[in-house]
Amino acid sequence: MNNKQHTITKAVTLSGVGLHTGIVANLTFLPAPANHGIKFQRVDLPGQPIADADVDYVVDTSRGTTIEHNGARINTVEHVLAALVGLEVDNILIQLDGPEPPIMDGSSIKFVEALKDAVPVEQDAHRKFFEITEEVRFKDLENGIELAALPLNDYRMAVMVDYNSKFLSSQHANLSHVSQFEKDFSMCRTFCFVHEIEVLYKAGLIKGGDLNNAIVIADKDYSEAELAHLSEVLGKPKVSVSKEAGILNNTNLHFSNEMARHKLLDLMGDLALVGRPIKAQILASRPGHASNVELARKIKKLMLDAEKNKVPTYDPKQPPIFTHERVYELLPHRYPFQMIDKIIYLDDNSVVGVKNVTMNENYFMGHFPNNPVMPGVMQVEAMAQTGGILVLSSVEDPENYWPYLVGIENCRFRKSVIPGDTIIFKCELQAPIRRGIAKMTGKAYVAGQVVCEAEMTASLVRKS
């Protein structure tokens, strides 16, 4: 999986009819900055409202997933979202001049091709993975549905479907690495059974449905009169069904288990609504959009609960956001006051820095040399320098500014810091930076425990 966030290098547009609304729409993928996320924009509505792709805004799961936010309603978002997850594109604006993305051929392949044509590009920001640390389950025993997200430092999926049909036996599909999506899953099409067509049509759905954008499976032998009626409903001159294959008009399958693979595609798209890339083993038995969304809600709740008291973690194997060389370029401090070794996380509101404390620190020569303890004032200095990186990141030309620490409040030292410790500093803005003044909350951790905390105020001053 990619460690850095990605967007695309140029805009690209697709056009087509929506599966359920039957309305022709143009969909345009547009590049977006780091930490933007996935957003839809209804450019056909007054004010061109923007909707976040977030499970909190799901309003319907009737044969597709519909979101509504800020007055923008978008139907059937899952195939587009699956393409973005499959290509690991994190930041994008999706403009629509209608209520629903084009269904295209009923899969994600056309969206994948368009995104690849727009050339995904790496951005200077790490991906904000949420790694499942405890089992998350959703069960619907009445319908035999069960989904689980299990701890795994990767992204894998396994799906099973069983419709008790002589033409659609139990099927399984497995994705062991996200890179498989394009080749093995993106072209797998949506499907339904013949008996569902009229029900869906009378419910105001599948107005754009066609045998060219869906696999329609027979669930019994149909008379000529019944087939003629189906032809009328589908707007086709003739509909036939092979008794061997059981698929209307003998549509050829891309895979013998294409239906299970499409269910995996839908699940991948629906779970994108968690709002961040996830690391987990996803297992699903007979999933559907309603159950997918319920699992996404449970994962998001777990994510939000974890973030309330989140202790930043440090993986030395991961490349830093800023090395010590870049920190040296941004901050005016020099030896012995250059305190931060690297920056491992940075967004608009928070920053995480690392300092390795060694016996060679100059202050240990005079600060309890027989019992070396890092002075609290130096801990605060290192924390302030970490916050300085956050403040400097708010301007386009950080080299032209000095970050000054102008206030410290509610400072507490919780535990001694000694040689051999690795300190993780996390600073978060208490409010947006205004007129160059930033108020931050800072905490320092060693081995997951808070050793120092303070509220700090910093001022950005342009160099003369």
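Residues numbered from 1 in each chain as written. Predicted model: local features only at pLDDT ≥ 70, side-chain atom pairs only at ≥ 80, totals over all residues. Heavy atoms only, no water.

### A closer look at the packing of helix 1 (residues 78-86) against helix 6 (residues 258-271)
For the pair helix 1 and helix 6, the least separation of the axes is 7 Å and the interaxial angle reads 85°. By the angle between their axes, helix 1 is roughly perpendicular relative to helix 6. Residues Glu 78, His 79, Leu 81, Ala 82, Val 85 and Gly 86 of helix 1 touch helix 6, and the partners they reach there are His 262, Leu 265, Asp 266, Met 268, Gly 269 and Asp 270. Broken down by class, the residue content of the contact of helix 1 with helix 6 amounts to five nonpolar, four polar and three charged. (Axes fitted to C-alpha atoms, helices over the stretch in contact; angles between N-to-C directions. Helix = DSSP H or I, 4+ residues; strand = E, 2+ residues; numbered from the N terminus. Parallel < 35°, antiparallel > 145°, perpendicular 65-115°, else oblique. Contact = heavy atoms within 4.5 Å. Nonpolar A, V, L, I, M, F, W, Y, C, P; charged D, E, K, R; others polar.)

### Comments concerning the pattern of salt bridges
Here the structure, examined in full by the defined rule, presents 25 salt bridges. A salt bridge links Lys 300 to Asp 54, with the nearest nitrogen and oxygen atoms 2.8 Å apart. With Lys 300 in helix 7 (residues 289-308) and Asp 54 in the loop between strand 5 (50-52) and strand 6 (58-60), the pair connects residues that are 246 residues apart, well separated along the chain. Of the two residues, Lys 300 and Asp 54, both sit in the buried class. One salt bridge connects Arg 414 with Glu 453, and the closest N-O pair in it is separated by 2.6 Å. Separated by 39 residues along the polypeptide, Arg 414 in the loop between strand 21 (401-413) and strand 22 (422-429) and Glu 453 in strand 24 (residues 449-462) bring together distant segments of the chain. Among the charged side chains, a salt-bridge network with shared partners connects Glu 135, Arg 137, Lys 139 and Glu 146. (Salt bridge = Lys/Arg side-chain N within 4 Å of Asp/Glu carboxyl O. Buried < 20%, exposed > 50% of the residue type's maximum accessible area, 1.4 Å probe, protein only.)

### Observations concerning the sheet that holds strand 5
Taken together, the five strands give an open sheet; going across it, the order is 2-3-9-4-5, and neighbouring strands pair in mixed fashion. Two strands in the sheet have a free side with no partner beyond their single neighbour: strand 2 (12-17) and strand 5. Taking each pair of neighbouring strands and ignoring which way they run, the sheet shows an average axis angle of 25°. Two elements, strand 3 (residues 24-31) and strand 9 (residues 92-96), share five bridges in a ladder whose sense is antiparallel. Paired with Phe 29 across the bridge in strand 9 is Ile 94. Packed onto the sheet, helix 2 (residues 109-117) meets strand 2, strand 3 and strand 9 and runs at close to 160° relative to strand 2. (Pairing = 2+ DSSP bridges.)

### Considering the packing of helix 1 against helix 2
At a minimum axis separation of 9 Å, helix 1 and helix 2 run at an interaxial angle of 45°. By the criterion of interaxial angle, the relationship of helix 1 to helix 2 is oblique. Two packed elements cross with a definite hand, and for helix 1 against helix 2 that hand is right-handed. In this structure, helix 1 uses His 79, Val 80, Ala 83 and Leu 84 to contact helix 2, whose residues at the interface are Phe 111, Val 112 and Leu 115. Broken down by class, the residue content of the contact of helix 1 with helix 2 amounts to six nonpolar, one polar and no charged. (Left-handed = near helix turned anticlockwise from the far one by under 90°.)

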